[in-house]
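Summary of structural features
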Amino acid sequence: MSLLRCLISLVVLLFVTLLSGLAGVLLRYVAPLKKFIVSEIFSFVKKNASRMSQTEREALEAGESSDLEGGIFVGEPRWDEFFSSKKQKFSPEEKAFFDGPVCDLCEMIDDWKISETRKIPEEIWQFLRENGFFGIIIPKKYGGLQFSAYAHSAIVGKIATRSLTVAMVVMVPNSLGPAELLLHSGTDEQKKYYLPRLARGREIPCFALTEPEAGCDAAGGKSFGIVCYGDYQGKRVLGMRLTWDKRYITLLPVATVMGLAFKLYDPDHLLPNKERVGENDFLGITLALIPTDHPGVIRGRLHLPAGVEALPNGPTKGNDVFVPLSWIIGGEAHAGKGWKMLMECLSVGRMISLPAVSVAGAKLLCFLSGSYARVRKQFNQPIGYFGGVAEKLAYMAAHTYAIDALRTAGTAAVDDGKKPSVLSAIAKYAATEKLSAVAANACDVHGGRAVMKGPSNLIDAKDTTTRMARAVEGSNAVARGLIIYGQGLFRCHPFLKREIDIIRSLDGIDTHGVFAGILRDHARYARGLPWRALFRSLLNGRLSWGPIMEKRRKVARYMKHINRLAASFAFISEAAYMALGSGIKREEMLSGRLADMVSSLTIAMATIKKWRDDGSPDNDLPLVELACDDLLFDAEEALHEFLRNFGAVSPMRKMLAWLCRGIVLPYGRVLEKTSDSAKTAAAGILLAHSPARDRLIQGVYVPKNENQFAALLSRAFDLEDDATPIRAVLRKAVKEKVIFHENDYEKAAAESLLDASDVLTMIESDYFVILVNQADDFDPAEIVRG
């Protein structure tokens, strides 16, 4: 049936190609027909473009694409460009900071005490200030550290393996906040005043965007400002009267300066040179810096973020608060340009912050779960060797490897000077979703210990905070279709943005010159997409560029399927847009599946790049295999589900979906999940010391204080290497009835089965195993006091 559908689709494709070729000839020589067709298409594109709000248009135009996801959107992964980028490394200064102050900070942290007291100790705040943690992204000339995005991500991640609360205190001032906005848009005066103070922690920043009735939809916000004259410091100055109601503002309770987003209006035309947007003299969304002790700024109440209750967070309000116009970030020239400023900064900050803490959380969970599964025994064997537990460990390791690869690919794009808006959305979405899966698997591995709160339960905090990671900086439900696919299509499509830009610039003017030329190129591009998709699907990606560069057959096979699925994605995306126009953004379940497809292919490419950057080690191949098998299976499944649901609406769409299926899935779905043997090999990486394990959990900080659970578990895991062969000797002796039980070390030594060092090793191993197997318990009075 699949091949018959493919044959019918091929006949239809031939007919459509011939018909489009004939149409091209007619359009070239029949001027009235050409004018009519171009005008109709112009009207169609204009109609779709006019449906965009100003904020939506600015969001779509913000940032740029990278070589990673950009090639997938056009159906031609850019292997050469992507592989040519160098592996990221620390500079000597960054390495010294990472191994020095960062480790010192990690050793200071007691996350259980922080969570119980709901307070970050003052000595930690002071250490952060003195060592420049608030100025990671600020240039040295302003007193900052001016580190790379790669170092920034690694620093935040390492801190997050000890405390997500402290990591977010460092993350927020260096992510989407006043410092980032000032660097890109601030006036010289604002930079000179604020940046040195921010770098040394003399000013603690926060940013107020979210409102009770508007989250990621800034256009729906009700906070506003009116341009007017007022009194400030005894002088009459031009300024704004602001009214706002914001919530979920991280660091607000301790902040000294607040970034504020609001709609700005100029009813008296006091800014005559500013462009108006729509009616009511609306200038656009604007950003301002406001000292939190300014008269009229209301704060004081607290939110309690789940899992990080000690993280300062709260709401703020203001009613008719007058501030000078000079407090606008960038000054009067940037009045009304705030949304674009936010989107461009978010494309950088979102690439670093949440992916960093998500990857760190996943690495910590891999370290904890692999170590625990090795030392925890049932029926005289480590639980990690049970198939059910091994499968959980395998997926934990593979997911962690994949999102770490995506994180480093993203920071490389930022360090290359890009503002990767689409890649950052993919990274945030994928990293937080995969972290959720890793946390769920970790709970299964640890069993009852994972639900008993206490200083030795490091699983509970990570499992709880995954919900927060998925919700902040744009919930994943929204980011999936609107940002990853919607913005990705707009930024990466070779003609769509150019066509819309021409419509805006030539509206009301004869368009038969420039627009017709771009339209001709677009038609030629669209005509080639189904043929490329068909041939790559029939050949399963063979004879396409990229895989021939790779000598390992398994890895080359993945590259072939990435090429095949990318060609299918580009064709299906083009067909869906031609059929639905901008209406596809309203069918979020459909666009979400396309987003899933491009996300999976992007992560698979990053995974292969990471493996090559690490020197193509054989012992990492189980992780690459499991990650790529899972990602490509999901991509093909998303393609299948898209076609199935696209055709369920109307007979016309059903026919189009049927024909498209014959082109992109001529053999049906051909990919399968990973074999059990591959899962066992991947799980084994977490269960024993190896270079592959060291690479996977690199960046996890293990405290030196053995009163900390992570240190106890690490010591117990280390001792297993020495204890395992000794235990085998003891089991054999029990079986031969030389001794009565495995723990009879005195008898075993008397029988010359063990020497003194062996006995000490077993006693020490047993001691640490007992400690790590204990669950926390409390005196009832202690719980009441808490």
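This section reports on the structure supplied with the text. These numbers were taken from a predicted model, which means no experiment stands behind them. (Residues numbered from 1 in each chain as written. Predicted model: local features only at pLDDT ≥ 70, side-chain atom pairs only at ≥ 80, totals over all residues. Heavy atoms only, no water.)

**So, the packing of aromatic side chains**
Evaluated as defined, the whole model comprises 19 aromatic pairs. Between Tyr-193 and Tyr-194 the ring centres are 4.9 Å apart and the planes differ by 85°, which places this aromatic pair in the edge-to-face class. On the basis of relative accessibility, which here comes to 43%, the residue Tyr-193 falls in the partly exposed class. Judged by its relative accessible area of 12%, Tyr-194 falls in the buried class. Counting every residue linked through ring pairs, the aromatic cluster contains Phe-97, Phe-127, Phe-133 and Phe-147. The ring of Phe-717 carries Arg-374 above its face, with NZ or CZ at 5.9 Å from the centroid. (Phe/Tyr/Trp six-rings, centres within 6.5 Å; stacked < 30°, edge-to-face > 60°. Buried < 20%, exposed > 50% of the residue type's maximum accessible area, 1.4 Å probe, protein only. Lys NZ or Arg CZ within 6 Å of the ring centre and 35° of its normal.)

**Focus: the pairing of strand S4 (residues 257-265)**
In terms of burial, S4 is largely enclosed, as 8 of its 9 residues are buried. When strand S1 (residues 205-208) meets S4, the two strands line up parallel, connected through 4 bridges. Within S4, the residue paired with Ala-208 across the bridge is Leu-260. Pairing analysis gives 3 bridges linking strand S2 (residues 224-232) to S4, with the strands arranged parallel. Among the inter-strand pairings, Phe-224 is bridged to a residue of S4, identified as Lys-263. Note that S4 and strand S5 (residues 282-291) share 9 bridges and pair antiparallel. Residue pairing across strands places Gly-259 opposite Leu-289, the latter belonging to S5. (Helix = DSSP H or I, 4+ residues; strand = E, 2+ residues; numbered from the N terminus. Pairing = 2+ DSSP bridges.)

**Concerning helix H22 (residues 588-613)**
An α-helix turns once every 3.6 residues. As a result, residues three or four positions apart point the same way. When the terminal C-alpha atoms of H22 are compared, their 36 Å separation across 26 residues agrees well with the 38 Å that a helix rising 1.5 Å per residue should span. Buried residues dominate H22, accounting for 21 of its 26 residues. Taken from the residues just after H22, Gly-615 is the one with a positive phi, measuring 95°. (Expected span 1.5 Å × (residues − 1).)

**Things to note about the pattern of salt bridges**
The full count for this structure, using the stated rule, is 33 salt bridges. Among the ionic pairs, Asp-620 bridges to Arg-695, the shortest N-O distance being 3.0 Å. One end of the pair, Asp-620, is in the loop between H22 and helix H23 (621-646); the other, Arg-695, is in helix H26 (residues 691-696), and 75 residues separate them in sequence. Asp-620 sits in the buried class, given a relative accessible area of 1%. A relative accessible area of 24% places Arg-695 in the partly exposed class. Here Arg-731 and Glu-742 are joined by a salt bridge, their closest N and O atoms 3.1 Å apart. Placement of Arg-731 in helix H27 (residues 709-735) and of Glu-742 in the loop between H27 and helix H28 (745-750) is noted, with a sequence separation of 11 residues between them. Arg-731 gets classed as partly exposed once you look at its relative accessible area, which sits at 33%. Here the salt bridges do not stand alone but share partners, grouping Lys-87, Lys-363, Asp-404, Arg-407, Lys-610 and Asp-614 into one network. (Salt bridge = Lys/Arg side-chain N within 4 Å of Asp/Glu carboxyl O.)

**Some thoughts on the packing of helix H14 (residues 338-375) against helix H15 (residues 387-415)**
Working note: a packed helix pair is described by the angle between its axes plus the distance between those axes. Viewed as axis vectors pointing N to C, H14 and H15 meet at an angle of 155°, and their least axial separation amounts to 9 Å. Between H14 and H15, the angle falls in the class roughly antiparallel. The two elements H14 and H15 meet at a crossing, and its hand is left-handed. Considering only residue class, the contact of H14 with H15 consists of 16 nonpolar, 6 polar and 3 charged. (Axes fitted to C-alpha atoms, helices over the stretch in contact; angles between N-to-C directions. Parallel < 35°, antiparallel > 145°, perpendicular 65-115°, else oblique. Left-handed = near helix turned anticlockwise from the far one by under 90°. Nonpolar A, V, L, I, M, F, W, Y, C, P; charged D, E, K, R; others polar.)

**As for the nonpolar core**
Counting residues in hydrophobic clusters, the biggest one holds 135 residues, and the most contacted among them are Leu-393, Leu-406, Ile-572, Ile-608 and Val-664. Sort the elements by how many residues they give to this core and H15 lands first, with 16 residues. With 92 residues, the next largest nonpolar core counts Val-170, Leu-182, Leu-252 and Ala-288 among its residues. (Core = buried A, V, L, I, M, F, W, Y, C linked by side-chain atoms within 4.5 Å.)

**Quick notes on the side chain of Ser-66**
Residue position: Ser-66 is located in the loop between helix H3 (54-61) and helix H4 (67-73). Under the relative-accessibility criterion, Ser-66 is labelled buried at 5%. Side-chain polar atoms of Ser-66 contact the side chain of Glu-69, separated by 2.4 Å. Apart from the residues lying within four places of it in its own chain, the contact partners of Ser-66 are Arg-78, Ala-413, Lys-418 and Leu-423. (Polar contact = N/O pair within 3.5 Å; in protein donor to acceptor, adjacent residues only side chain to side chain. Contact = heavy atoms within 4.5 Å.)

**What to know about unusual backbone geometry**
Backbone geometry at Gln-233 places phi at a positive 55°, although glycine is not the residue there. Here Gln-233 shows up in the loop between S2 and strand S3 (235-250). The backbone of Asn-380 shows a phi angle near 65°, a positive value even though the residue is not glycine. Take Asn-380: it is sitting in the loop between strand S7 (377-378) and strand S8 (381-382).

**Description of the environment of Pro-703**
Inspection of the secondary structure puts Pro-703 in the loop between H26 and H27. Looking at Pro-703, the relative accessible area reads 5%, which means it is buried. In the structure, Pro-703 is positioned 600 residues away from Cys-103 in sequence and 8.9 Å away in space, judged by C-alpha atoms.

**So, the environment of Ser-573**
Within the secondary structure, Ser-573 is located in helix H21 (residues 553-580). In this view, Ser-573 contacts Tyr-485 and Leu-489; residues no more than four positions away in its chain are not counted.

**What to know about a nonpolar patch on the surface**
A contiguous nonpolar surface patch, about 180 Å² in accessible area, is contributed by Val-729, Val-738 and Leu-753. Residue placement: Val-738 occurs in the loop between H27 and H28. (Patch = residues over 30% accessible without salt bridge, like charges linked within 9 Å, V, L, I, M, F, W, Y side chains within 5 Å. Areas by Shrake-Rupley, 256 points an atom, 1.4 Å probe, with all protein chains shown as cover.)

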